[in-house]
Each structure stands twice: as structure tokens, then as C-alpha cells.
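An overview of the molecular structure
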Amino acid sequence: MTETIPMSPSGGANGVPSHGARKTALDSRDGDPAAGTGLLVLAPMLLEANAVRRGLTRPTSRVRRAGVGQSRASKVAIASQPDALGTPVVVMGTAAGLDDDLSPGDLVVATEVTDGRESIPLPGAVLLAAELRRAGLRARAGQVVTVSHLVKSAERPRLAAAGAIAADMESLALVRAAAGRPVAVIRAVSDAGFGLGIVTGGLAALKSLRQAAPIAEKWAAACADRSVLLAGPRSFCAGVERAIEIVERALELRGAPVYVRKQIVHNKRVVSDLEQRGAVFVDELDEVPAGATVVFSAHGVSPAVRTDASDRGLSVIDATCPLVSKVHAEARRFAREGYTLALIGHAGHEEVEGTLGEAPGSTVLVQTAEDVAALSVPDKSKVAYLMQTTLAVDEATDVATALREKFPQMRAPGSDDICYATTNRQAAVRAIAAEADLVLVAGSKNSSNSVRLVERSERAGTEAHLIDGAEDIELAWLDGVSTVGLTAGASAPPAVVSEIIDALSGLGTVTVTEKITTTESVQFGLPREVRR
Ligand code: SF4
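Residues numbered from 1 in each chain as written. Predicted model: local features only at pLDDT ≥ 70, side-chain atom pairs only at ≥ 80, totals over all residues. Heavy atoms only, no water.

Considerations on the overall build of the protein chain
The condition that has to hold: In this text, helices come from DSSP runs of H or I with a minimum length of four residues, and strands from runs of E with a minimum of two, each type numbered from the N-terminal end. Throughout this description, buried means an accessible area under 20% of the type-specific maximum (1.4 Å probe, protein chains only), exposed means over 50%, and partly exposed covers the range between. Throughout, a residue-residue contact means that at least one pair of heavy atoms, one from each residue, lies within 4.5 Å.
For the protein chain, the helix and strand inventory stands at 17 helices and 23 strands. Viewed in the frame of its principal axes, the protein chain has a C-alpha envelope of about 85 × 50 × 40 Å. Of all 532 residues assigned to the protein chain, the portion counted as buried reaches 55%. Long-range pairs, those at least 24 residues apart, make up 77% of the contacts in the protein chain with a sequence separation of at least 6.

Here's what the structure looks like:
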């Protein structure tokens, strides 16, 4: 175990002062629900408050009119509840859109509220905006600037240039009033200016506020102080780090575009990042112009692809993970020695296709014990098996056991094919799943090792979900969850893990503990084409 890091929701984390004596509690017939339950919505105008009320569905949800403008908003006080999480607060109202892409009725969830001098970050915004989008609403997360007057057209470019996508007159003061509680801001763009522009875009904005109200309730239900149990090791393995570095160096040394056959590693974030820097991902080599540089992905390619690249005069840089290359070398050796090869793996996976291509005439893919039962070979005494590097250790062992029972003289690979990174991450997720109510696995859907981590957790009896980033977290998953286990597949960047923790900290204080089951020191050298 390593250190424990507490992270607080907005207010507590940012030194926002609690409301002072000069402020007065709002006179409200709705009252403030019990600490830690329900939802308190602060809406500046009566029209906004009524629109939200019409959309609320839970008896513990309340709406207060906060009044229009900073002066009234700064007088808002919410009953102090020092020993409790406090009722989550959502500021809901209309706003002026500052971004050309925003239309009347679009929702802006504040990642930060500012007046240009003071800023309060709201780290849970990404979760709420994504939930609104899942509900079919147009919603974006971004900075909201609070100003002292209705925004004039001439002011909009200046406010937008400072980073804001919407402007209002109350959010900063209301968020300050909710210091120490989970707090969010949802503003619906009226576009014609908040307040007086309510008739035109305002109608669309009020409709969106009503539709957003049940999502605000969902968000409030997900608010809680939580523990996050981080698996160690997690995230990038040595093969993925090497593959990404190869593309980066190829771009640096040869300039864009650098073509990459298939995804360099199975992760959306990594691929999109490299695309922005000039990498062009293609499915097949016929999409690469003759003579261009092409990188083979970490999953490896069959000899037929290498021949094709050579025939087309392409300049190849091979980012195949050395541990995948080891499996290819074993396939060639066993085939040379006259063995029938049983390759344990998943049909269609790029790594499996590459390995099958090394000895297509003597390799058979087996995915299950049933496949083993149906397997017939020319010589039962000359069978060997190999494995895909990213399989679930226990499931692959079951298939290997079935093979050994059928072919007692079967040869095994010289060393384990399931790689160290896969094995270590599966052991680490099993350790956190034992203590967590929910496990989140950062990784893409086509990442085999990430999918295996989800399955590993589920086999341990703990609900698990695969997410590309914080925006994929569904708020309902968190309802009633006090310990979240968090890991990342070998192709998922470490930054995603930090972003997920940050997003969770917008729902309540997060205490992070790392559970390290082993440490890794594996490193692979780079191919000569990209060595400096
Ligand atoms: S998961 Fe294993 S085989 Fe795949 S790239 Fe990483 S180290 Fe190599």
C-alpha cells in the first residue's frame, strides 16, 4: 500500500470560504433537504425555478429561487452541515452562449466558474455532461464566466477568448455559497441574453432545464464521499510504451504523415493523440502511398503483410512487441519441426491473425475446451500449443489443460506466452475487486487485455465496467458505491486514471489508496530506424 490522498469536491478543495454572517438564508417554502440526501437546485429566476420543478421526479429534491444577479446570489446562504456531506447543490438557469457551436437550448455544464479574478473548478462536470448527452440532450462541459450585467454582443469575443463558453450573472456566487458540498452548474443557452432574451431562445432553454432536472437528480444520488482503490500495476506496459515512442520518433525524424497499419495499440485516446500529431492509421497497406513510411502495430503482422510492404516499396518500421515476436518465432520453430500448432486465442484479434500467418498450414485456432474436443490432427505425438499474449490466465490454462489431456505428449512454449503485463494486471485487479463495490477499468472495447480485466473482476463477484474515460461513467453505477476499484489496461494512458479520480472528486471527497501487488521494470529497446 502507498500513501492515501484525500481529494475534496469543489469548495473544500479550493479554499472557498464558507458563507459569512452578512449573508442571509433564503426564505424558501421548499426548505433544505436532509444532509447527504436529495438535491437542492438554486435557480435565479422564477421561470427557471418553475421549469426545473416541472422536471423533478424525486420527493427529496428541492428548488430555491436565488434571485437574479451577483448581488442577490452573493446573499444566498445554505444551512451549514459541518459533519455531513451536505445536500448536493446544482445551480440551474439560463445563460448566454459564447461559442458559435452552441444553439438555444444547448446545455453547458461548468467545468469551472470564474469572474476573471476568482475561479472555482468543478471537476465532476464531465460526468454530468455525459449523462445529459446519454439522456438525448445536447450538452457540453466548459468554463462559465459570471459577469455583473447582461452580456453585450461586443463583449462575447473577449469572454470567449478568455476560455468561457457561456456567461451568466450568478453561478460564481452560488457555487461559493455551496462550499464544501458537491456542487454542479447546468446552464441552458438562451443565446439572446439571459433575462430579457427569455422569449426567444429562452423557451428552448427552459425546456432543456426541465429535461435536465431528472439528470441533476441522478447526479445528486451519485454524490458521496468515496474511497478509490488503485490497482498497481496498471496502465501502459513496456510493449505499448515502445510502440507509441516508435510512432512519435518516426514523426519527429521523418515528418508527417507517418502511416500506421491498424491501431498502434488498442486505445482510442492514444490513437487520436497520435492522429493529431500527423500519424495516419490505415486498415491495409494498399491505403499507404508507394514509398511512404509505415509502422506495424504492437500486435504484430503475418509474413504476408511484410512481403506486401516490401513489394510496394514501403519503408517499414516494426513496432511489434518483442513478446509477440517471441510467439511468432515459436510458431515458426514448431512448424519447422513438423508439429501441429494449437494456438489458444480469440478469433479475429490482430495478434492472433499475425501469429496464424506464420504457419497457416499447420496452425489451428482453439478458443475453448469444446474446440479442443473437436480437434483432429495428423499425428497426436506432434502437437504443440501457443497462446495469445493477452488472454485471461485461468481461462487459457483451462484450454491448455484440455489439450494436454487429449495430447499427453504435447509440447509447450519455452516460456509463458501470456505476457508479464497481462498477468500482473489481472492479479492486481483481482486484489482490488476483493475490496471494492465497483471496479472501473480504463481501456478501449477492442483492447483484449482491458476486457480481460473486466471479466476478472466480474468472476471475483464485483461489478466492473470498461471505460475509455470519465465521460463513460454512468452515474447510476455509483449510486450506493463507497469503494471504487480503479485500474487501466496495458494500452490505456496513465492520464486517464488521473482524470477519472478527478471526476469522482466532484461527487464528494475521494480518498485514494494504491494496492500494489508487484512492481515492473521491463523495458524494450527501439528498432534501429528510430534510434538517434
Ligand atoms: S500487453 Fe504484453 S505482449 Fe502486449 S504489448 Fe504489452 S507487453 Fe507486449
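A short note on the pattern of salt bridges
Here is the rule: Throughout this description, the term salt bridge denotes a Lys or Arg side-chain nitrogen within 4 Å of a carboxyl oxygen of Asp or Glu.
Applying the stated rule across the entire model yields 29 salt bridges. E284 is the partner of K262 in a salt bridge, and the nearest nitrogen-oxygen pair spans 3.3 Å. With K262 in the loop between β13 (258-261) and α8 (268-276) and E284 in the loop between β14 (279-282) and β15 (293-296), the pair connects residues that are 22 residues apart, well separated along the chain. What makes K262 buried here is its relative accessible area of 17%. One salt-bridge network, held together by shared partners, links D394, E395, R456 and R459.

Re the environment of E499
Applied cut-off: Counted as a polar contact is a pair of N or O atoms within 3.5 Å, where, for protein atoms, one must be capable of donating a hydrogen and the other of accepting one, and residues adjacent in sequence contribute only when both atoms are in side chains.
Inspection of the secondary structure assignment puts E499 in helix α17 (residues 494-504). Since its relative accessible area comes to 34%, E499 is described here as partly exposed. The spatial distance from the C-alpha of E499 to the C-alpha of G142 is 15 Å, given a sequence separation of 357 residues. Those residues in contact with E499, other than ones at most four positions away along the chain, are R269 and A470. Reaching out from E499, the side chain makes a polar contact with the side chain of R269 at a distance of 2.9 Å.

A look at the pairing of strand β19 (residues 383-387)
Quick note on the threshold: A strand pair is defined by DSSP finding two or more bridges across the two strands.
Of all the five residues making up β19, five are buried; the element is thus mostly covered by neighbouring parts of the structure. Burial of β19 is two-sided: the residues V383, Y385 and M387 facing one way and the residues A384 and L386 facing the other way are all buried. As judged from the five bridges shared by strand β17 (residues 340-344) and β19, these two strands associate in the parallel manner. Counted as the bridge partner of A342 is Y385 from β19.

Details of the nonpolar core
Put simply, the test is: Among the buried residues, those of types Ala, Val, Leu, Ile, Met, Phe, Trp, Tyr and Cys that are joined through side-chain atoms within 4.5 Å form a nonpolar core.
With 58 residues, the main nonpolar core has L132, I186 and I500 as its most contacted residues. The greatest single-element share of this core, amounting to ten residues, is contributed by helix α6 (residues 201-222). Setting aside chain neighbours within four positions, we find I186 in contact with V90, V91, M92, G93, L107, V108, V109, L128, L132, L209, A212 and A216. The next biggest cluster of nonpolar side chains, apart from the first, holds 27 residues, and it includes I78, V89, L102 and V113.

Structural notes on the packing of helix α14 (residues 420-433) against helix α15 (residues 448-459)
Convention followed: Axes here mean lines fitted to C-alpha atoms, for a helix over just the part in contact, with angles spanning 0 to 180 degrees between N-to-C directions. An angle below 35 degrees is treated as roughly parallel, one above 145 as roughly antiparallel, one from 65 to 115 as roughly perpendicular, and anything else as oblique. The crossing is said to be left-handed when, going from far helix to near helix, the turn is anticlockwise and less than a right angle, and right-handed when the turn is clockwise.
Look at α14 against α15: their axes get within 9 Å of each other, and the N-to-C directions meet at 30°. As far as their axial angle goes, α15 and α14 are roughly parallel. As α14 runs across α15, the sense of the crossing is right-handed. Along its contact with α14, which presents T422, R425, Q426, V429, R430 and A433, the element α15 presents N449, R452, L453, R456 and S457.

Here's the deal with the side chain of R242
To be explicit about the condition: The convention is simple: Lys and Arg are positive, Asp and Glu are negative, and His and the chain ends are not counted.
Take R242: it is sitting in helix α7 (residues 238-254). In this structure, R242 is buried with no salt-bridge partner, the nearest side chain bearing the opposite charge being D318 at 6.3 Å.

Here we look at the sheet that holds β15
Two orientations exist for strands paired in a sheet by backbone hydrogen bonds: parallel and antiparallel. Ordered in space as β14-β13-β15-β16, the four strands form an open sheet in which the pairing is parallel. Lying at the two open borders of the sheet, with one neighbouring strand each, are β14 and β16 (315-318). Here the average twist between neighbouring strands, direction ignored, is 30°. Of the strand pairs in this sheet, β13 and β14 are connected by four bridges, and their pairing is parallel. Within β14, the residue paired with R261 across the bridge is V282. On the sheet, helix α9 (residues 303-311) packs against β13, β15 and β16 and is oriented at approximately 175° with respect to β15.

Side note on the confidence of the model for the protein chain
Cut-off, in case you're wondering: Confidence of the predictor at the level of single residues is given by pLDDT, which spans 0 to 100.
Of the residues in the protein chain, 90% have a pLDDT of 70 or more, and the chain-wide mean is 91. Contacts from residues 11-36, a stretch scored under 50 in pLDDT, to residues over four places away or in other chains number 58 contacts.

Some points on the environment of R210
Take R210: it is sitting in helix α6. Taking the relative accessible area as the measure of exposure, R210 reaches 32% and is therefore partly exposed. Setting aside residues no more than four positions away along its own chain, R210 makes contact with A51, R54 and G55.

A short note on the packing of helix α3 (residues 125-134) against α6
Here is the rule: Lys, Arg, Asp and Glu make up the charged group, whereas Ala, Val, Leu, Ile, Met, Phe, Trp, Tyr, Cys and Pro make up the nonpolar group; the residues left over, Gly among them, are polar.
Where α3 contacts α6, the axes come no closer than 10 Å and their chain directions differ by 135°. On the basis of the axis angle, α3 is oblique to α6. Viewed along their axes, α3 and α6 form a crossing whose handedness is right-handed. In this structure, α3 contributes L128, E131 and L132 to the contact, and α6 contributes A212, I215, K218 and W219. Partitioning the contact of α3 with α6 into residue classes produces five nonpolar, no polar and two charged.

So, the site of the ligand
For clarity, the threshold we go by: Residues are labelled near a given molecule or strand when at least one of their non-hydrogen atoms is within 4 Å of it.
Around the ligand sit C237, G239, V240, C321, L323, T389, C419 and Y420, and those are all the residues in its vicinity. Per-class residue counts for the shell around the ligand are six nonpolar, two polar and no charged.

Points about the sheet that holds strand β18 (residues 363-366)
Strand order in the open sheet formed by three strands is β18-β17-β19, with parallel pairing between adjacent strands. Lying at the two open borders of the sheet, with one neighbouring strand each, are β18 and β19. Recorded for the sheet is a direction-independent mean angle of 30° between the axes of neighbouring strands. Most of the contacts of helix α10 (residues 322-336) go to β19, to which it runs at about 170°, and overall it touches β17 and β19. Docked against the sheet, helix α13 (residues 393-406) engages β17, β18 and β19, running at close to 175° with respect to β19.

Some details on the packing of aromatic side chains
Our working definition: By convention, a stacked pair of Phe, Tyr or Trp rings (six-membered ring in the case of Trp) has centres within 6.5 Å and planes under 30 degrees apart, an edge-to-face pair has planes over 60 apart, and any other such pair is tilted. Either the NZ atom of lysine or the CZ atom of arginine qualifies as a charge over a ring when it sits within 6 Å of the ring centre and within 35 degrees of the ring normal.
Here the structure, examined in full by the defined rule, presents one aromatic pair. Aromatic side chains F334 and Y339 sit 5.6 Å apart centroid to centroid with 70° between the ring planes, which places their arrangement in the edge-to-face category. This pair shows no difference in class: F334 is buried, exactly as Y339 is. Its end group placed over the ring of F334, R333 keeps NZ or CZ at 4.6 Å from the ring centre. K382 extends its terminal NZ or CZ atom over the ring of Y339, reaching a point 4.6 Å from the ring centre.

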